[in-house]
Amino acid sequence: MTRTKNSERSGKAKGPTNRRGLVESEIYEHATRLFAEKGFASTTLQDIADALGVTRPAVYYYFKTKEAILARLVGEITQASAADVHEIADRSDLAPAERLRRMTRLNVSRIAAQAARFRLLVKSESELPEEISHAHREARREVLSAFVRVVQDGIRSADFRPVDARTGALGVIGLCNWVAWWYHEGDDTDAVADTLAEMAVASLRRADERLPRERGTDGAIALLREDIDHLEQLLADQRKGG
């Protein structure tokens, strides 16, 4: 999958400026609304043309099939997200916690900007044609793998608690995805994204008192020795009391 250099944008795409782009966007808006109302399988190009007040050939000029419209939806939501989060995950100059913060913020901003379309895509997953379904599944796997990698990096550096990396990643992704069901247009998107990004990092970060003084295995061993010393002291006190 090609990873484009656009990872830290807000998730709000710039509108088209040429006539073709404007018409395509109008068709796209009406089509996605009809998919949401009637279901993808029950919507035809004629339905889309009727909603626009144009002929079917006029729609066909821009989109040969309704599957082409659906492919654009998948591309804008899951495939673009996969490329963007991987770009951030690849940033070796950023600590794992900062990468996770930026990835979460990006996902939340993108989903908030396209909440209705995101819900439509989730609800339509069982209806997706095989080729589009495959692209959608692959993009979701790419998103998960990027988050898993960053969580693993955070565990190795002792910034994050030693949790199951896949479970931690899925938890953060779920935090992002659920925005589509409660976000309302007019909400402060930046504030929402910042809050959830901080919550994602806080859910995995080690408590300050458990941060090792050294990185790597030496630091982990030092923490383990502290715990063993503590346990031995408790056992000694218990024996004395008995």
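Because the structure is a prediction, the values reported are computed rather than measured. (Residues numbered from 1 in each chain as written. Predicted model: local features only at pLDDT ≥ 70, side-chain atom pairs only at ≥ 80, totals over all residues. Heavy atoms only, no water.)

J.: Is there a simple way to explain helix 10 (residues 189-204) in this structure?
T.: Because an α-helix completes one turn every 3.6 residues, residues spaced three or four positions apart along the sequence face the same direction. Between the first and last C-alpha of helix 10 there are 23 Å, a value that for 16 residues agrees with the 22 Å anticipated at 1.5 Å per step. Among the residues of helix 10, those classed as buried are Thr189, Val192, Ala193, Leu196, Ala197, Ala200, Val201 and Leu204. The buried residues of helix 10 occupy one face: seen down the axis, they fall within an arc of 160°. Among the structural elements, helix 5 (96-113), helix 7 (130-156), helix 8 (165-177) and helix 9 (179-182) are those in contact with the buried residues of helix 10. Residue Asp188 occupies the N-cap position of helix 10, its side-chain oxygen lying 3.3 Å from the main-chain nitrogen of Asp190. (Helix = DSSP H or I, 4+ residues; strand = E, 2+ residues; numbered from the N terminus. Expected span 1.5 Å × (residues − 1). Buried < 20%, exposed > 50% of the residue type's maximum accessible area, 1.4 Å probe, protein only. Arc of directions from axis to C-beta. Contact = heavy atoms within 4.5 Å. Polar contact = N/O pair within 3.5 Å; in protein donor to acceptor, adjacent residues only side chain to side chain.)

J.: What exactly am I supposed to notice about the nonpolar core here?
T.: The nonpolar side chains of soluble globular proteins are, as a tendency, buried together. In this structure, Ile27, Ile48 and Ile69 are the most contacted members of the largest nonpolar core, which totals 35 residues. Breaking this core down by element, the ones donating at least two residues are helix 1 (19-38), helix 2 (45-52), helix 3 (56-62), helix 4 (66-89), helix 5, helix 6 (115-123), helix 9 and helix 10. Here this core takes six residues from helix 1, the largest share from any one element. Apart from residues lying up to four places away in sequence, Ile48 is in contact with Ile27, Ala31, Leu34, Thr43, Val59 and Ile69. Grouped together as the second largest cluster of nonpolar side chains are 24 residues, Ala82, Val148, Val150 and Val201 included. (Core = buried A, V, L, I, M, F, W, Y, C linked by side-chain atoms within 4.5 Å.)

J.: Before we go on, may I ask you to explain the confidence of the model for the protein in this structure?
T.: Parts of the prediction with low pLDDT should not have their coordinates interpreted in detail. The share of residues in the protein with pLDDT of 70 or more is 81%, and the mean pLDDT across the chain is 84. Looking over the protein, one finds the lowest element-wise mean pLDDT in helix 11 (residues 216-241), namely 67, and the highest in helix 5, namely 96. Low pLDDT (under 50) marks residues 1-15, which in the prediction has 33 contacts with non-local residues, meaning those over four places away or in another chain. (pLDDT = per-residue confidence, 0-100.)

J.: Please explain the pattern of salt bridges as it appears in this structure.
T.: A side chain of one charge can pair with a side chain of the opposite charge when the charged atoms of the two come close. If you walk through the whole model with that rule in mind, you get 19 salt bridges. For the salt bridge of Arg117 with Glu76, the shortest nitrogen-to-oxygen distance reads 3.6 Å. With Arg117 in helix 6 and Glu76 in helix 4, this residue pair connects regions lying 41 residues apart in the sequence. Since its relative accessible area comes to 25%, Glu76 is described here as partly exposed. For Glu98, the salt bridge identified is with Arg101, shortest N-O distance 2.6 Å. Taken as a pair, Glu98 and Arg101 lie in helix 5 at a separation of three residues, close to a single helical turn. You can call Arg101 buried: its relative accessible area is 19%. Sharing partners across several salt bridges, the network here consists of Glu29, Arg72, Glu76 and Arg117. (Salt bridge = Lys/Arg side-chain N within 4 Å of Asp/Glu carboxyl O.)

J.: Teacher, can you tell me more about the packing of aromatic side chains here?
T.: To describe a pair of aromatic rings, one takes the distance between the centres and the angle between the planes. Applying the stated criterion across every chain yields a total of four aromatic pairs. Seen from their ring centres, Phe118 and Trp181 are 6.2 Å apart, and the 85° between their planes marks the pair as edge-to-face. Of this pair, Phe118 sits in helix 6 while Trp181 sits in helix 9; the two residues are 63 residues apart in sequence, bridging distant segments of the chain. Ring geometry for Trp178 versus Trp181: centroids 5.6 Å apart, planes at 15°, classification stacked. (Phe/Tyr/Trp six-rings, centres within 6.5 Å; stacked < 30°, edge-to-face > 60°.)

J.: Whenever I open this one, the packing of helix 1 against helix 4 confuses me. Can you help?
T.: Geometrically, a packed helix pair is captured by the angle between its two axes and the distance between the axes. Interhelical geometry of helix 1 versus helix 4 gives an angle of 95° and a closest axis separation of 10 Å. It follows that helix 1 is roughly perpendicular to helix 4 by the angle criterion. Contacts between helix 1 and helix 4 pair Glu24, Ser25, Ile27, Tyr28, Ala31, Thr32 and Phe35 from the former with Lys66, Ile69, Leu70, Arg72, Leu73 and Glu76 from the latter. Split by residue class, the contact of helix 1 with helix 4 holds seven nonpolar, two polar and four charged. (Axes fitted to C-alpha atoms, helices over the stretch in contact; angles between N-to-C directions. Parallel < 35°, antiparallel > 145°, perpendicular 65-115°, else oblique. Nonpolar A, V, L, I, M, F, W, Y, C, P; charged D, E, K, R; others polar.)

J.: Just checking my understanding: could you explain helix 1 for this structure?
T.: Its 20 residues place the ends of helix 1 28 Å apart at the C-alpha level, agreeing with the 28 Å of an ideal helix rising 1.5 Å per residue. Considered for burial, the residues of helix 1 that qualify are Gly21, Val23, Glu24, Ser25, Ile27, Tyr28, Ala31, Thr32, Leu34 and Phe35. Its side-chain oxygen placed 3.3 Å from the backbone nitrogen of Arg20, Asn18 serves as the N-cap of helix 1.

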